[in-house]
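What follows is each chain in one-letter form.
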Amino acid sequence: MDIQKIMVIGSGQMGAGIAQVCAQANFTVILHDLKEEFLNRGYQSIEKQLQKQLEKGRISRQEKDETLQRITTSLDLSNASSSDMVIEAVVEKMDVKTALFQELDRLANEQAILATNTSSLPITEIAAATKQPERVIGMHFMNPVPVMALVEIIRGLATADEVYEQTRDLAKRLKKVPVEVNDFPGFVSNRILMPMINEAIYTVYEGVASPEAIDEVMKLGMNHPMGPLALADFIGLDTCLLIMETLQAGFGDDKYRPCPLLRKYVKAGWLGRKTGRGFYSY
Ligand code: NAI
């Protein structure tokens, strides 16, 4: 199957970024979300990103306009029937994702690949919610999608070889570097990154140092481009907590216990950049 039309589900920070890179790689894109206001927010963030690229001379005005023209928005999931590939980027909750994949299994074209951008949830379990688990695969983009080269590709137990090959080739057509990893909680990226972020939060919680000092140590001492707490705010503290919970439940090991301060911030609605407050104020 030749992939031409891609439906992206969820127009938050990841979905909008995925829709943008797909449209910039000449695919026709349908961006889907639950409410018009969410779609508008996603579409506007794509416009803003493209405007920045235009101002930096990386794309022409014509490229910007044509990219936007390739993206339509949708509130109707049955639009999946006309897509060759669906990439899901909704909230990191298993029940939400499995309910969505059951619907997609029914509504999408039989040949379509159903990919999930989950950061940590088992692909095999998401796939098992469908009647065709062989067409379900993990396609884990990094944030911000237009900037970051890596895409982790994760097969579920039943994923067909051709589904893997087409997904890997799609990542390359999006000018990304696909790396295949196995289906374990957090895959590779978040299994290693999130415990480090959680430890940085414990370091604040135990009064060892301020967020600014911790981030400075990690930037200057370890050559990280961004400190772990600034990165946590960027990812979203709600998403960080959900990933830690997945690691803890998946491995059954207390070393993945989310820091109480992370829980407290999420309860307070301090989710990082997206709410204007996290470890820093925005
Ligand atoms: P977000 O909160 O910015 O966006 C999620 C979007 O999904 C919202 O617009 C919401 O309205 C929509 N949504 C929720 N349920 C839906 C449904 N049933 N149908 C359609 N739309 C629905 O979240 P974000 O950060 O974009 O994360 C999305 C996914 O990407 C999660 O699985 C997350 O783990 C993963 N991810 C996140 C990264 C990050 O740095 N934030 C990095 C890589 C993956």
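With an unreviewed UniProt entry as reference, the protein is termed 3-hydroxybutyryl-CoA dehydrogenase, source organism Metabacillus rhizolycopersici. Looking at the protein in UniProt, the text filed under Pathway (unreviewed entry) is "Lipid metabolism; butanoate metabolism." The record in UniProt for the protein states the following under Sequence similarities (unreviewed entry): "Belongs to the 3-hydroxyacyl-CoA dehydrogenase family."

## Some remarks on the sheet that holds strand β3 (residues 71-74)
With mixed pairing, the eight strands of this open sheet are ordered in space as β3-β2-β1-β4-β5-β6-β7-β8. For this open sheet the edge positions go to β3 and β8 (177-181), each flanked by a neighbour on one side alone. Neighbour-to-neighbour, the strand axes of the sheet open up by a mean angle of 25 degrees, direction not taken into account. In the sheet, strand β2 (residues 28-32) pairs with β3 via four bridges, with the strands oriented parallel. The residue bridging I30 from the neighbouring strand is T72, located in β3. Lying over the sheet, helix α6 (residues 161-173) contacts β1 (5-9), β4 (85-88), β5 (113-116), β6 (136-141), β7 (150-155) and β8, oriented at roughly 175 degrees with respect to β7.

## Some details on the nonpolar core
Membership of the largest hydrophobic core comes to 38 residues, with the highest contact counts inside it found for I6, M85, I87, M139, F141 and L174. The biggest single contributor to this core is helix α1 (residues 13-24), with seven residues. If sequence neighbours within four positions are ignored, M139 has contacts with M85, I87, A115, T116, N117, V151, E152, I153, T167, L170, A171 and L174. With 24 residues, the next largest nonpolar core counts L229, L241, L262 and Y280 among its residues.

## Let's talk about α6
Its 13 residues place the ends of α6 18 Å apart at the C-alpha level, agreeing with the 18 Å of an ideal helix rising 1.5 Å per residue. Every buried residue belonging to α6 is among V163, Y164, T167, L170 and A171, and all of these are buried. Buried residues in α6, looked at end-on, bunch into an arc of 125 degrees, giving them a common side. Of the residues trailing α6, K175 is marked for its positive phi of about 65 degrees.

## Quick look at the side chain of D84
Of note, D84 is situated in the loop between β3 and β4. In this structure D84 is buried but unpaired, with K5 as the nearest side chain of opposite charge at 8.0 Å. At 2.7 Å, the side chain of D84 forms a polar contact with the backbone nitrogen of Q4.

## Description of the packing of helix α7 (residues 189-205) against helix α11 (residues 260-268)
Contact geometry of α7 with α11 gives a least axis separation of 8 Å together with a crossing angle of 90 degrees. Of the possible angle classes, the one that applies to α7 and α11 is roughly perpendicular. Taken together, the residues of α11 that come into contact with α7 (itself represented by N198, I201, Y202, V204 and Y205) are P260, L261 and L262. Of the residues in the contact of α7 with α11, the class split is seven nonpolar, one polar and no charged.

## Some words on the site of the ligand
Near the ligand there are 25 residues, and of these M14, D33, E92, K97 and S119 occur at the shortest range. Residue Q13 places a main-chain N or O atom 3.1 Å away from an oxygen atom belonging to the ligand. Between I235 and the ligand, the recorded distance is 2.9 Å, taken from a backbone N or O atom to a nitrogen atom. Coverage of the ligand by the protein chains reaches 87% of its 840 Å² of free accessible surface. Elements with a contribution of two residues or more to the shell around the ligand: α1, α2 (36-55), α4 (94-107) and β6. The residue inventory of the shell around the ligand, partitioned by class, reads nine nonpolar, eleven polar and five charged.

## Looking at the environment of A80
By the secondary structure assignment, A80 is in the loop between β3 and β4. Considering only alpha carbons, one finds A80 and L104, 24 residues apart in sequence, at a separation of 7.1 Å. In this structure, A80 is in contact with M7, V86, L104, L107, A108 and N109, ignoring residues within four places of it in sequence.

Conventions and cut-offs
- Each chain carries its own residue numbering, running from 1 in the direction its sequence is written.
- Since the coordinates come from a predicted model, pLDDT governs what is reported: local features require at least 70, and pairs of side-chain atoms require 80 or more to be given and counted, while whole-chain, interface and lining totals use all residues.
- Where side-chain values are given, they derive from all heavy atoms of the structure, hydrogens and water being excluded.
- UniProt positions are given in the numbering used here, feature names are shortened, and annotations may be inferred rather than shown by experiment.
- Strands are labelled as partners when DSSP assigns at least two bridges between them.
- Going along the chain from the N terminus, every DSSP run of H or I of four or more residues is numbered as a helix, and every run of E of two or more is numbered as a strand.
- Each axis is a line fitted through C-alpha atoms, and for a helix only the stretch in contact is used; angles between axes span 0 to 180 degrees, taken between their N-to-C directions.
- It only takes one pair of heavy atoms within 4.5 Å for two residues to be counted as in contact.
- We call a set of buried residues a nonpolar core when its members are Ala, Val, Leu, Ile, Met, Phe, Trp, Tyr or Cys and they connect through side-chain atoms within 4.5 Å of each other.
- Each residue is assigned to one of three classes by its accessible area relative to the maximum for its type, calculated with a 1.4 Å probe on protein chains only: buried under 20%, partly exposed between the two thresholds, exposed over 50%.
- Expected helix span is computed as 1.5 Å times (number of residues minus one).
- Taking the helix axis as origin, the arc is that swept by the directions to the C-beta atoms.
- His residues and chain termini do not enter the charge count, which takes Lys and Arg as positive and Asp and Glu as negative.
- The working definition used for a salt bridge is a side-chain nitrogen of Lys or Arg within 4 Å of a carboxyl oxygen of Asp or Glu.
- Any pair of nitrogen or oxygen atoms within 3.5 Å is treated as a polar contact; in protein, a donor-acceptor pairing is required on top of that, and neighbouring residues in sequence qualify only through side-chain atoms on both sides.
- What sets the label is the angle itself: under 35 degrees gives roughly parallel, over 145 gives roughly antiparallel, 65 to 115 gives roughly perpendicular, and the rest give oblique.
- Gly is placed with the polar residues, together with every amino acid not listed as nonpolar (Ala, Val, Leu, Ile, Met, Phe, Trp, Tyr, Cys and Pro) or charged (Asp, Glu, Lys and Arg).
- For this description, a residue counts as near a given molecule or strand if any of its non-hydrogen atoms is within 4 Å of it.
- In short, Shrake-Rupley with a 1.4 Å probe defines the accessible areas, and a residue's cover is counted only from the protein chains shown.

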